[in-house]
Amino acid sequence: MGRVLVTGGAGYIGSHVMVVLGRKGYRCVCLDNFSNSSPRAVERAQVLAPGAIEAVEADIRDTEALRRVLAGADISSVIHLAGLKAVGESVEKPALYRDNNVRGTQCLLEALAGSGVRTFVFSSSATVYGNATAMPIGEDAPTAPASPYGENKLEIERMLAKLAGEDPSWRVASLRYFNPVGAHESGTIGEHPSGTPNNLMPYVCQAAAGLRGPLRVFGTDYPTPDGTGIRDYIHVMDLAEGHMAALTALPLTPPGTVMTVNLGTGMGHSVLEVVDTFERVNGVKVPRELAGRRPGDVPICYADCSRARQLLRWSSRRTLEDMCRDAWRWQVLNPAGY
Ligand code: NAD
Ligand code: UDP
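Scope of this entry: the structure provided in the associated data block. (Residues numbered from 1 in each chain as written. Chains lettered and ligands numbered in written order. Predicted model: local features only at pLDDT ≥ 70, side-chain atom pairs only at ≥ 80, totals over all residues. Heavy atoms only, no water.)

## Some words on the overall build of the protein chain
Inclusion rule: For the purposes of this entry, the term helix denotes a DSSP run of H or I that reaches at least four residues, the term strand denotes a run of E that reaches at least two, and both are numbered from the N terminus. In what follows, residue pairs with any heavy atoms lying within 4.5 Å of each other are defined as contacts. Exposure was quantified through the Shrake-Rupley algorithm and a 1.4 Å probe, taking into account, for residues, occlusion by the shown protein chains and nothing else. Residues counted as positive are Lys and Arg, residues counted as negative are Asp and Glu, and His and the chain ends are not counted. Taken as the charge centre is NZ of Lys, CZ of Arg, CG of Asp or CD of Glu, depending on the residue.
Secondary structure summary: the protein chain contains 11 helices and 14 strands in total. Contacts in the protein chain between residues far apart in sequence, at least 24 positions, make up 81% of those at least 6 positions apart. Of the roughly 14,200 Å² of accessible surface on the protein chain, a fraction of 51% belongs to carbon and sulfur atoms. Treating the 34 positive side-chain charges of the protein chain as one cloud and the 35 negative ones as another, the clouds have centres 2 Å apart.

Structure (structure tokens):
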């Protein structure tokens, strides 16, 4: 079995993916430019999966550097997570996002073309569905991304589908993540956004730790049982296991396969449910205040996960309680991140 090239492996999701793979006997090469991560994340992943992870500092837009890695490292598949992911920033800097995310993927594919690697797993996002109204969201639901970031994801999915259509030696899985939260149960790797967190769980953790002001609950008049927004939160370790399931499933598929698969739990939880669960399982208070709706938010979003069960033989196992407990353990052990 060759090694797995994990682009963006130093990031929040990538570090967990490498640990899951490494502990199952896969060997990984982490390729990251550390634009939104720390080498310490890789070091800690290496502790959790001894001997399984090698690190290379490089930018996915540096085709020559990629070629050098591919020439020397016995790579047989790629999990492509490298990318910029801040939706708001993508609205302010669409050219930067296109260059990093779309052109970066083109460069990666160009480098791969000269290698034997034809198994490719891509980090897509539920954001490609935009303002979907029918729940749960299946993969065949219309796509309508509402930001340059979401457009990048859809453009890359299409680029990959075209590639596999023209050259059936490729096998591709585009995984559309819902809301990844939590951390490895050791509390040694996790999510540490720079600046004020935009996402709910990191904000809840920092507010509970007294590092931020009260959580603002964005919107209390949504058409949901308690009036707050509902999302499909998925434990990052379940998500990471979903990547391993995709890597296992792809080689068994016919040549030219392109699978687009939701990774979620299929269950929705409201903001207040998350906050109340967090307080209950961790025995801490989350100071909060009710606020108006955040522009651009949808009321409800959760996945139809039947395709993942069928094609990947994977489904999530961890509960909202697990997500809250593990997120808090990471926060307490690493108040300043890495
Ligand atoms: P992250 O920022 O923690 O990780 C991304 C990694 O990619 C970082 O380590 C960063 O340094 C690296 N990177 C960025 N541009 C690079 C480049 N040009 N060359 C090399 N490395 C580069 O983010 P994450 O939460 O781990 O997300 C991983 C992937 O999953 C991203 O593609 C993101 O869009 C996607 N995704 C994330 C979420 C989420 O909620 N976290 C949801 C859906 C999809
Ligand atoms: N949310 C909130 N306060 C915050 C951050 C988020 O009430 O400080 C809400 C947000 O309105 C949404 C849910 O929490 O209903 C999840 O938001 P997040 O940004 O984590 O994910 P996304 O909206 O991208 O699905």
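Once the structure has been displayed, the description carries forward.
## Quick notes on the environment of H16
The line we're drawing: Think of it in three bands: with a 1.4 Å probe and only protein chains considered, a residue is buried below 20% of the maximum accessible area for its type, exposed above 50%, and partly exposed in between.
Take H16: it is sitting in helix α1 (residues 12-23). Residue class for H16 comes out buried when judged on its relative accessible area of 0%. Taking the C-alpha atoms as reference points, H16 and L239, 223 residues apart in sequence, are found 8.7 Å from one another. Filtering out sequence-adjacent residues up to four positions away, H16 remains in contact with A183, H184, I189, G190, V236, M237 and A240.

## Regarding the packing of aromatic side chains
Rules: Two aromatic rings from Phe, Tyr or Trp, using only the six-membered ring of Trp, form a pair when their centres are within 6.5 Å; if the ring planes differ by under 30 degrees the pair is stacked, by over 60 it is edge-to-face, and anything between is tilted.
Applying the stated criterion across every chain yields a total of 4 aromatic pairs. Ring centres 6.4 Å apart and planes at 35° place the aromatic pair Y129 and F178 in the tilted group. Pair noted here: Y129 is in the loop between β5 (119-125) and α6 (148-166) and F178 is in the loop between β6 (171-177) and β7 (179-181), with a separation of 49 residues, a long-range link. Aromatic side chains W330 and Y338 sit 5.1 Å apart centroid to centroid with 55° between the ring planes, which places their arrangement in the tilted category. Residue class for Y338 comes out partly exposed when judged on its relative accessible area of 22%.

## Comments concerning the packing of helix α3 (residues 63-72) against helix α5 (residues 94-113)
The test is simple: In this description, a line fitted to the C-alpha atoms serves as the axis of each element, helices being fitted only across the stretch in contact, and the angle between N-to-C directions of two axes falls anywhere from 0 to 180 degrees. Should an angle lie under 35 degrees it is considered roughly parallel, over 145 roughly antiparallel, and from 65 to 115 roughly perpendicular; all remaining angles are considered oblique. Two helices cross in a left-handed way if the nearer one is turned anticlockwise from the farther one by less than a right angle. They cross in a right-handed way if the turn is clockwise. Under the convention adopted here, Pro, Cys and the residues Ala, Val, Leu, Ile, Met, Phe, Trp and Tyr are nonpolar, Asp, Glu, Lys and Arg are charged, and Gly plus all remaining residues are polar.
Interhelical geometry of α3 versus α5 gives an angle of 40° and a closest axis separation of 9 Å. Judged on the interaxial angle alone, α5 and α3 are oblique. For the element pair α3 and α5, the recorded crossing hand is right-handed. Contacts from T63, L66, R67 and L70 in α3 reach C107, L108, E110, A111 and L112 in α5. In the contact of α3 with α5, the residues fall into 6 nonpolar, 1 polar and 2 charged.

## Some words on the sheet that holds strand β9 (residues 230-231)
For clarity, the threshold we go by: By this definition, two strands are paired if DSSP reports at least two bridges between them.
Taken in spatial order, the 3 strands of this open sheet run β12-β9-β14, and their pairing is mixed. Looking at the sheet topology across the chains shown, the edges are occupied by β12 (269-270) and β14 (300-301).

## Examining the site of ligand 1
What counts, and what does not: Summary of the distance rule: residues count as near a molecule or strand when at least one heavy atom falls within 4 Å of that molecule or strand. Polar contacts here mean pairs of N or O atoms no more than 3.5 Å apart (in protein, one a potential hydrogen donor and the other a potential acceptor; neighbouring residues in sequence count only if both atoms are side-chain atoms).
Taken together, 27 residues lie near ligand 1, and D32, N36, S37, K85 and Y149 sit nearest. Between ligand 1 and N100, the relevant distance is 2.9 Å, taken from a nitrogen atom to a side-chain nitrogen or oxygen of the residue. Burial of ligand 1 by the surrounding chains reaches 95%, relative to a free accessible area of 820 Å². Among the elements of the structure, α1, β5 and α6 are those that each provide at least two residues to the shell around ligand 1.

## Structural notes on the sheet that holds strand β11 (residues 258-263)
Pairing is parallel in the open sheet, where 7 strands are placed in the order β3-β2-β1-β4-β5-β6-β11. This sheet does not close on itself; its edge strands, each paired only once, are β3 (53-57) and β11. Ignoring which end each strand starts from, the neighbouring axes of this sheet average 20° apart. In the packing of α6 onto the sheet, contacts are made with β5, β6 and β11, and the angle to β5 comes to roughly 155°.

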